[in-house]
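Below are the chains, spelled out letter by letter.
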Amino acid sequence: VPLLYEGRVVGAISAQSYEPAAYQEDDLEILQGIADLAAAAIKNARYVTELEVRRREAERIEEIGRALTSSLDTTQVLRKVIDAVRELMAADGSSVWLLKGMECRVAASGGEAGLPEGVKWHLTERMHQALVEDRRALIVEDIPRSAIFPRDLAKVGGAESGIVVPLLLENEVAGALSAMRLTTRGFRQDDVETLLRLAGQASVALANARLHQDIQALSLTDPLTGLPNRRHLDMHLAREMAAARRGRELCVVLFDLDNFKILNDRLGHVAGDQILQAFGQILLTETRAMNLAARFGGDEFVSVLSDIPQEGAELHASRIQARVARDPKLAGYGVSV
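Just so we're clear, the structure is a prediction, and the values are computed from it rather than from any experiment.

(A) Representation of the confidence of the model for the protein within the structure. Counting all residues, the mean pLDDT for the protein is 86, and 91% of those residues have values of 70 or more. Put simply, helix H4 (residues 151–154) is where the protein has its lowest mean pLDDT, 72, and strand S9 (residues 250–256) is where it has its highest, 96.

(B) Structural context of a nonpolar patch on the surface. Taken together, the side chains of Tyr47, Val48 and Leu51 make up a nonpolar region of the molecular surface, amounting to roughly 330 Å² of accessible area. Among the secondary structure elements, leucine 51 is positioned in helix H1 (residues 25–69). The class for leucine 51 is partly exposed, based on a relative accessible area of 45%.

(C) View of the pattern of salt bridges. The full count for this structure, using the stated rule, is 11 salt bridges. A salt bridge links arginine 136 to aspartate 134; its shortest N-O distance comes to 3.6 Å. For lysine 261, the salt bridge is made with aspartate 265, and the minimal N-O distance between the two is 3.1 Å. You can see lysine 261 and its partner aspartate 265 sitting in helix H7 (residues 260–267), four residues apart, about one turn around the helix. Residue class for aspartate 265 comes out exposed when judged on its relative accessible area of 53%. Three or more residues are tied together by salt bridges with common partners; here these are Glu240, Arg248 and Asp307.

(D) The arrangement of the side chain of histidine 128 in detail. Turning to its location among the elements, histidine 128 is positioned in helix H3 (residues 125–133). Sequence-distant contacts of histidine 128, defined by excluding residues within four places in its chain, comprise Met102, Leu123 and Glu133.

(E) Representation of H7 in the model. Where H7 is concerned, the buried positions are Phe260, Leu263 and Asn264. The arc enclosing the buried residues of H7, seen along the axis, measures out at 100 degrees, which places them on a common side. Facing away from the buried side of H7 by more than 90 degrees, the exposed set consists of Lys261, Ile262, Asp265 and Arg266. Those residues of H7 that are buried are in contact with helix H8 (269–285) and helix H10 (328–333). Backbone geometry just after H7 places glycine 268 at a positive phi near 100 degrees.

(F) The arrangement of the packing of aromatic side chains in detail. Going through the model one piece at a time under the given rule, you end up with four aromatic pairs. Pairwise contacts between aromatic rings join Trp97, Trp121 and Phe149 into one cluster.

(G) Up close: the environment of alanine 293. Among the structural elements, alanine 293 can be located in strand S10 (residues 292–297). Placed 40 residues apart in sequence, alanine 293 and valine 253 show a C-alpha to C-alpha distance of 9.6 Å. When neighbours within four sequence positions are excluded, alanine 293 is seen to be in contact with Leu227, Pro228, Leu283, Leu284, Thr287 and Val302.

(H) Molecular detail of the pairing of S9. Only one face of S9 is buried: it carries Cys251, Val253 and Phe255, and the other face, with Leu250, Val252, Leu254 and Asp256, is open. Note: S9 against strand S11 (residues 300–306), seven bridges, orientation antiparallel. Its bridge partner lying in S11, valine 252 is registered against valine 304.

(I) Geometry of the pairing of strand S2 (residues 8–12). Relative to S2, strand S1 (residues 2–5) runs antiparallel, the two being bridged by four bridges. Residue pairing across strands places leucine 3 opposite glycine 11, the latter belonging to S2. Linking S1 to S2, which pair antiparallel, is a turn of two residues; within it glutamate 6 sits at a positive phi near 55 degrees.

(J) Up close: the side chain of asparagine 264. Within the fold, asparagine 264 resides in helix H7. Asparagine 264 sits in the buried class, given a relative accessible area of 14%. Sequence-distant contacts of asparagine 264, defined by excluding residues within four places in its chain, comprise His269 and Gly272.

(K) Fine view of the packing of H8 against helix H9 (residues 310–326). Taken N-terminus to C-terminus, the directions of H8 and H9 make an angle of 140 degrees; their axes are 10 Å apart at the nearest point. Comparing the axis directions of H8 and H9 gives the class oblique. Two packed elements cross with a definite hand, and for H8 against H9 that hand is right-handed. Contacts between H8 and H9 involve Phe279, Ile282, Leu283 and Thr285 on the former and, on the latter, His316, Ile320, Arg323 and Val324. Its residues assigned to classes, the contact of H8 with H9 shows five nonpolar, two polar and one charged.

Basis of the calculations
- Residues numbered from 1 in each chain as written.
- Predicted model: local features only at pLDDT ≥ 70, side-chain atom pairs only at ≥ 80, totals over all residues.
- Heavy atoms only, no water.
- pLDDT = per-residue confidence, 0-100.
- Helix = DSSP H or I, 4+ residues; strand = E, 2+ residues; numbered from the N terminus.
- Patch = residues over 30% accessible without salt bridge, like charges linked within 9 Å, V, L, I, M, F, W, Y side chains within 5 Å.
- Areas by Shrake-Rupley, 256 points an atom, 1.4 Å probe, with all protein chains shown as cover.
- Salt bridge = Lys/Arg side-chain N within 4 Å of Asp/Glu carboxyl O.
- Buried < 20%, exposed > 50% of the residue type's maximum accessible area, 1.4 Å probe, protein only.
- Contact = heavy atoms within 4.5 Å.
- Arc of directions from axis to C-beta.
- Phe/Tyr/Trp six-rings, centres within 6.5 Å; stacked < 30°, edge-to-face > 60°.
- Pairing = 2+ DSSP bridges.
- Axes fitted to C-alpha atoms, helices over the stretch in contact; angles between N-to-C directions.
- Parallel < 35°, antiparallel > 145°, perpendicular 65-115°, else oblique.
- Left-handed = near helix turned anticlockwise from the far one by under 90°.
- Nonpolar A, V, L, I, M, F, W, Y, C, P; charged D, E, K, R; others polar.

Take a look at the structure:
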């Protein structure tokens, strides 16, 4: 007789005898009743097993969530996301993609089927429609033959099947999280739900990490001019002085705007702020990227010049003075330095 499970035939139960004509119609009914009981038992056992799997999964996601939110470093957060996907979904690879318009970049990756970090490509229309416009998951069962993945990308990493879900930051799609396997038809709908939960955890952790980075940047930046502030300058000088003690050349140039208080009182604070901003921009453009231009405080600014002899520092100061004298706004206000 058939063994039915949720309306589908999943097997059969049979009875045999060495005697001919040993069974009657009543025996068939009894055997079918046994089969129905067996199907119910199988259903209950599977349900209990599924509950246990979900319980363990929920515990792991909670643990992973705590681990993610404990880190304020974006790189560490992304690494933990990748490890969580591979562990919880038994994936052969996982990647975090960051989006900028239609361009996509792999920010973090891990596993045999993970995409190389730093790889860039343009989303296909179908992928953009699903991830960005519809904000839904994509299951791709045969990546090499699918039109969803860009053709060149499908050859990288060796994955045969995958899931990609959107990664939201401040209610905007900022990227995507993927799980890949080296076999075709490797994922189910349950896997999509798991990856979506992990993406939610990752979004919160990334938002926390970005907020921390923004706050840290603000604490080291002068809000008026956008230049490094006194705290940033002190940290930079400590490193450069240590290098100077080991023999590296170092010059520090202090700039002071002449009679700035008088100008500020006469012209007003708005004009005073514009003067400071204009001078800060000149100082920044005249300072090499390897060096530091900072606001020391008030109308005083500093250039920290590494690997430059005193003559070079004096030339740097002269160039700044000449730029100030030629600048229409600063010259118009009568600013000198």
